[in-house]
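Coordinate inspection notes
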Amino acid sequence: MEVKIGVQHSPRELVLESAQTPAEVEQAVTEAMAKDSVLSLTDEKGRKVIIPIAKVAYVEIAEASHRPFGFTTR
């Protein structure tokens, strides 16, 4: 699944592919906000992204889109 994180005072957003479910990502964001701590997510390659929750502008959670390729029929 794809997670986009907007960071305050940054023109670009962080985009990562995560193996976590949308519910798990939402829970991590909610817990970080409640504790006023850091948001910590892990991408599909095992890399960890840690962001101070005070700097997060938004978090967009989307299912991975499977685009057809090659010759397809509709």
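Up top is the structure these notes are about.
We now turn to the structure provided with this report.

Each value, and the rule that gives it
Residue numbering note: each chain is counted from 1, following its sequence as written. Per-residue local features are limited, in this predicted model, to residues with pLDDT of at least 70; the limit for side-chain atom pairs, both in listing and counting, is 80 or more; totals at the level of whole chains, interfaces and linings are taken over all residues. The basis for every side-chain value is the complete set of non-hydrogen atoms in the structure, without hydrogens or water. We call two strands paired when DSSP finds no fewer than two bridges between them. Numbering of helices and strands runs from the N terminus, with a helix taken as a DSSP run of H or I at least four residues long and a strand as a DSSP run of E at least two residues long. Between N-to-C directions, angles cover 0 to 180 degrees, with each direction set by a line fitted to C-alpha atoms, over the stretch in contact for helices. Exposed residues in this analysis have more than 50% of their type's maximum accessible area, buried residues have under 20%, and partly exposed residues fall in between, with area computed by a 1.4 Å probe over protein chains only. Within 3.5 Å is the distance limit for a polar contact, defined as a pair of N or O atoms, with the added protein rule that one can donate a hydrogen and the other accept it, and that residues adjacent in sequence qualify only through two side-chain atoms. Should any heavy atoms of two residues lie within 4.5 Å, those residues are counted as being in contact. By this rule the span expected of a helix is its residue count minus one, scaled by 1.5 Å. Taken from the helix axis, the directions to the C-beta atoms give the arc we talk about.

On to the sheet that holds strand β2 (residues 14-17). Across the sheet, three strands lie side by side as β2-β1-β5; this open sheet has antiparallel pairing. In the strand order of this sheet, the two ends are held by β2 and β5 (56-62), each with one partner. Within the sheet, the average angular offset between the axes of one strand and its neighbour, ignoring direction, is 15°. As defined by bridge partners, strand β1 (residues 2-7) adjoins β5 across six bridges and the pair is classed as antiparallel. By the bridge assignment, Gly6 is partnered in β5 with Tyr58.

Despite not being glycine, His9 has its phi angle at roughly 60°, a positive value. Its place among the elements puts His9 in the loop between β1 and β2. For His9, a relative accessible area of 79% corresponds to the exposed category.

Bringing the side chain of Ser18 into the picture now. Tracing the chain through its elements places Ser18 in the loop between β2 and α1 (22-35). A distance of 3.3 Å separates a polar atom in the side chain of Ser18 from the backbone oxygen of Thr42. Beyond its immediate stretch of four places on either side in the chain, Ser18 contacts Met1, Val3, Thr42, Asp43 and Glu44.

A separate point is α1. With 14 residues, α1 ought to run about 20 Å at 1.5 Å a step, and its terminal C-alpha atoms sit 20 Å apart, in line with that. Among the residues of α1, those classed as buried are Val25, Ala28, Val29 and Ala32. Summarising the axial view, the buried residues of α1 lie within an arc of 95°, below the 170-degree limit, and thus occupy one face. Pointing more than 90 degrees away from the buried face of α1 are the exposed residues Ala23, Glu26, Ala34 and Lys35. Within two residues after α1, Asp36 carries a phi angle of roughly 50°, on the positive side.

Function cannot be inferred from these measures alone, as they are strictly geometric.
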